[in-house]
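Spelled out from the first residue to the last, the chains are:
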Amino acid sequence: QVRLVESGGGLVQPGGSLRLSCVASGLTFSGYAMRWYRQSPGKEREWVATITSGIYPDGRPVYANSVKGRFTVSRDNTKNTVYLQMNSLKPEDTAVYYCNVERTGDWGQGTQVTVSS
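The rules we used
- Residues numbered from 1 in each chain as written.
- Predicted model: local features only at pLDDT ≥ 70, side-chain atom pairs only at ≥ 80, totals over all residues.
- Heavy atoms only, no water.
- Disulfide = S-S within 2.5 Å.
- Helix = DSSP H or I, 4+ residues; strand = E, 2+ residues; numbered from the N terminus.
- Buried < 20%, exposed > 50% of the residue type's maximum accessible area, 1.4 Å probe, protein only.
- Phe/Tyr/Trp six-rings, centres within 6.5 Å; stacked < 30°, edge-to-face > 60°.
- Lys NZ or Arg CZ within 6 Å of the ring centre and 35° of its normal.
- Pairing = 2+ DSSP bridges.
- Axes fitted to C-alpha atoms, helices over the stretch in contact; angles between N-to-C directions.
- Salt bridge = Lys/Arg side-chain N within 4 Å of Asp/Glu carboxyl O.

Peer 1: Which residues make up the state of the cysteines, and what are the values?
Peer 2: If you walk through the whole model with that rule in mind, you get one disulfide. Note on cysteine connectivity: cysteine 22 is disulfide-linked to cysteine 99, with sulfurs 1.9 Å apart. Measuring the twist about the S-S bond at about 50°, one finds the cysteine 22-cysteine 99 disulfide to be right-handed. A residue pair is termed long-range when its members are at least 10 positions apart, and cysteine 22 in strand E3 (residues 18–25) and cysteine 99 in strand E9 (residues 95–101) qualify at 77 residues. Residue cysteine 22 is classed as buried on the basis of its relative accessible area of 0%. Under the relative-accessibility criterion, cysteine 99 is labelled buried at 0%.

Here's what the structure looks like:
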């Protein structure tokens with residue numbers, strides 16, 4: 001059974017930074033692409049970023065246009081963990097952030113990020 005646990009969310013001022021973590025278990029982590037999504041009340045869940053597996057030892061990142069240049073996704077396969085470093089945060093980044101296993105469709109419980117002055 002796949003389990004994903006997100007952490008690192010909180011309250012931050014506009015322009016600030018936050019780093020999210022997602023620890024995975026129940027799968028051979030290095031063999032799976034991992035994704036980050038976010039969802040605000042009344043809105044559909046939105047894809048944020050993906051980091052691939054495959055031939056690239058540390059994965060390759062892909063980003064939604066809304067976060068490109070501000071967010072960085074990375075992974076540490078020795079710790080079964082994927083990260084989302086969020087810089088230059090804006091109020092519109094406020095959402096619950098979820099990690100997801102691309103191939104299986106499994107989700108974590110989410111972590112709340114609030115950007116407000």
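Peer 1: Help me get a handle on the packing of aromatic side chains, residues and values and all.
Peer 2: Under the defined criterion, the tally for this structure stands at two aromatic pairs. Taken together, a centroid distance of 4.9 Å and an interplanar angle of 70° make the contact between tyrosine 37 and tryptophan 107 edge-to-face. Of the two residues, tyrosine 37 is situated in strand E4 (residues 34–39) and tryptophan 107 in the loop between E9 and strand E10 (111–115); the sequence distance between them amounts to 70 residues. With relative accessibility at 13%, the residue tyrosine 37 sits in the buried group. Taking the centre distance of 6.3 Å and the plane angle of 90° together, the rings of tyrosine 98 and tryptophan 107 count as edge-to-face. Grouped by ring-pair contacts, the aromatic residues Tyr37, Tyr98 and Trp107 constitute a single cluster. The ring of tryptophan 107 is capped by arginine 45, whose NZ or CZ atom sits 4.5 Å from the centre of that ring.

Peer 1: Could you give an account of the sheet that holds strand E8 (residues 81–86), naming the residues involved and the relevant values?
Peer 2: What holds strands together in a sheet is hydrogen bonding between their backbones, with the strands either parallel or antiparallel. Strand order in the open sheet formed by four strands is E1-E3-E8-E7, and the pairing between neighbours is antiparallel. Single-partner strands in this sheet number two, and they are strand E1 (3–7) and strand E7 (71–76). For this sheet, the mean angle separating the axes of adjacent strands, direction not counted, is 15°.

Peer 1: Report on the pattern of salt bridges, specifying residues and quantitative values.
Peer 2: Between side chains of opposite charge, a pair can form when the charged atoms approach closely. This model, assessed by the stated rule, comprises three salt bridges. In this structure, aspartate 93 and arginine 38 form a salt bridge, with 2.9 Å as the shortest nitrogen-oxygen distance. Taken together, the positions of aspartate 93 in the loop between E8 and E9 and arginine 38 in strand E4 put the pair 55 residues apart, joining distant regions of the chain. Side by side, aspartate 93 and arginine 38 carry an identical accessibility label, which is buried. Among the ionic pairs, aspartate 93 bridges to arginine 70, the shortest N-O distance being 2.7 Å. Highlighted residues: aspartate 93 in the loop between E8 and E9 and arginine 70 in the loop between strand E6 (61–63) and E7, separated in sequence by 23 residues. Judged by its relative accessible area of 1%, aspartate 93 is buried. Classification of arginine 70 by relative accessible area gives buried; the value is 11%. Salt bridges linked by common partners bring Arg38, Glu46, Arg70 and Asp93 together as one network.

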